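Okay, here's what each chain looks like letter by letter:
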Amino acid sequence: MNSDRSSYGGHLDDDAIQSLLDAAEGHVGAETESARRHLADCRGCQARVDAWREVFGELGQLRRFAPPGRFAERVLSGIERPGEALSSARAWSWVRLRRWLTGRAADAHLSGRRLQEFADGALSRQHATLAKTHVAACGDCESRLAGWQRLIATLEVLPSFAPAAGFAERVMARWREVAEETTGRSRATRKWLLLPRSPRGWVLAGTLTSMPVAAFAAVAAFLSTVPQLTTGGLATYLWWQARDALSALGSSVLAAVMQSGAAFRAYSLADYLIASPATAAAAAAGFTALMFSSIWILHRNIGFPRLALRHVHN
Amino acid sequence: MSLNYQSVEDAELVTLAAEGRESAYRELLSRYERPVFSLIYRMVRNRTVAEDLAQEAFIRTFNAIDTYNPQYKFSSWIFKIANNLTIDHLRKRRVPTVSMHGAPDAVTPEAQARTSLVVQSHGESPEEYVQNRELAGQIEAAIGELREEYRVVVLLRHIEGHTYDEIARILDIPLGTVKTYLHRARAELKLRLAEA
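Residues numbered from 1 in each chain as written. Chains lettered and ligands numbered in written order. Predicted model: local features only at pLDDT ≥ 70, side-chain atom pairs only at ≥ 80, totals over all residues.

Moving on: the overall build of chain B. Along chain B, the regular secondary structure elements total 10 helices and 0 strands. Element order for chain B, N to C, with α for helix and β for strand: α-α-α-α-α-α-α-α-α-α. Burial statistics for chain B: of 196 residues in total, 36% are counted as buried. Long-range contacts, defined as pairs at least 24 residues apart, comprise 55% of the intrachain contacts of chain B with a sequence gap of at least 6. (Helix = DSSP H or I, 4+ residues; strand = E, 2+ residues; numbered from the N terminus. Buried ≥ 20, exposed ≤ 12 C-beta atoms within 10 Å, placed from the backbone. Contact = placed C-beta atoms within 7 Å.)

Spelled out as structure tokens, the structure:
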């Protein structure tokens, strides 16, 4: 019934370790062997077992406190004896009391939970043997056990239901649709990224991208042969050139804007919009709507396929 | 030589499916369509919804087939996906509980009358009639009245035959909780059947 706990989650969990230590004290469970196999190879679990063993050791050393003198006699004298037409509640108290006083559990009735687990075949061998022995001698527990066995038998013969005809075909068709949708989106993403689609494409792209690298390497190799050129001097020269180019570009753009009258028109539009709160609000709303539409279009077109990534292991 | 998929074990079928063999997917579907549908149907108690959820469970499972870990049983994996989908559905559908005798803060008879619910009987369609008959037995009715957490453990244990450990894995709950849920669920069932 039980399967290998250690192989499922990797390491032994606290329940498994406690079961293992219980097994060392004689309470053998079905998982014990697999846990032992894992423990033989796992130092982390060995350390945790040692920590639990200390806890068990401490608990095992707790001492029992004796009740005061003649306590048992005083209590027993206050209740009726078995065979004296006990009420069921008093009979149960008597059994529990005897169990507590004598330390023997064999006479106590089995709990509903224990009986259910026995009927369900979920008790360890040792507990099942104890339960079987008790049930054989106790008519009350035997009849309660029969009740649980009847319930479990009723549950286990309940029919399974079939989905409507054609369910499998519908699932396969829908799955193909989803797969095509996912593949289509992946293709769209790849197209947007301008990635090559064939081995020849990859070779061509590799060649093209390696050409500037090769050219740069050739220039660097040539420059290294000229002793007058230093790295610092070359960097300073390149920085001056880049700064001049950026400055020239900025001036050209500014001049073009001013000459076209676009700056004046933009200023006039802003002046008109803020002249009345209504136009300002309408402009803000239009701009917001435009922004959300853009975000939505981006999300729909270049977002990752949702089904392929969503809650796969949930 | 063609492969007889019916004799192949689940883990191997998953490997074949991951290689793109459609017959392997079909075989997995054929093995699990009834168990998965039955579990979901008994949870949601509506055939149409159960079919939609079962279909979604299979599609999610098949889409993630590359990520299947063969250390786990395939059945545990697919039931986990199916159960999570079902629980999500039930949570979304759940409405706040309102007493039929009026709102809790309704003190006067007028307030109680104003806030009380009137249950109306709607005519059943032939389809609903058949569905309701399927789940109308005493034991099915008793299962339907259990809390969702209790219902699912009973179904996984006694109808699908999973071990306590497997149920704990499927539901992501401790083993002790599985035992407690089962104990309480069976006790409630016994009580309800005795009352019936």
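All right, on to the packing of helix 7 (residues 112-119) of chain A against helix 9 (residues 139-156) of chain A then. Residue and element names in this part refer to chain A. One can describe the packing of helix 7 onto helix 9 by two numbers: an axis separation of 9 Å at closest approach and a directional angle of 55°. As the angle between them shows, helix 7 and helix 9 are arranged oblique. The element helix 7 and its partner helix 9 pack so that their crossing is right-handed. Contacts between helix 7 and helix 9 involve Leu115, Gln116, Phe118 and Ala119 on the former and, on the latter, Cys141, Arg144, Leu145, Trp148, Gln149 and Ile152. Looking at the contact of helix 7 with helix 9 residue by residue, the classes come out as 7 nonpolar, 2 polar and 1 charged. (Axes fitted to C-alpha atoms, helices over the stretch in contact; angles between N-to-C directions. Parallel < 35°, antiparallel > 145°, perpendicular 65-115°, else oblique. Left-handed = near helix turned anticlockwise from the far one by under 90°. Nonpolar A, V, L, I, M, F, W, Y, C, P; charged D, E, K, R; others polar.)

The partner chain B presents 39 residues to the 35 residues of chain A that form the contact. When contributions to the side of chain A that touches chain B are tallied by element, the ones reaching two or more residues are helix 1 (5-9), helix 7, helix 9, helix 10 (167-192) and helix 15 (306-309) of chain A. No other element matches helix 10 of chain A, which puts 8 residues into the side of chain A that touches chain B. Across the side of chain A that touches chain B, the residue classes break down as 20 nonpolar, 9 polar and 6 charged.

Here we take up the nonpolar core. Residue and element names in this part refer to chain B. Core analysis: the largest hydrophobic core is formed by 52 residues, its most contacted members being Val36, Ile40, Ala54, Ala57, Ile78, Ala82 and Val153. Examining the composition of this core, we find that 11 residues originate from one element, helix 2 (residues 22-44), more than from any other. Built from parts of two domains, this core gets at least three residues from each of domain 1 (1-94 + 126-131) and domain 2 (137-196). Setting aside chain neighbours within four positions, we find Val153 in contact with Ile167, Val178, Tyr181, Leu182 and Ala185. (Core = buried A, V, L, I, M, F, W, Y, C linked by C-beta atoms within 7 Å. Domains from an automatic or database assignment.)

Right, let's get into the confidence of the model for chain B. Averaged over every residue, the pLDDT of chain B is 83; residues scoring 70 or more account for 78%. Counting contacts from residues 117-124 of chain B, a segment whose pLDDT is below 50, to residues more than four positions away or on other chains yields 4 contacts. (pLDDT = per-residue confidence, 0-100.)

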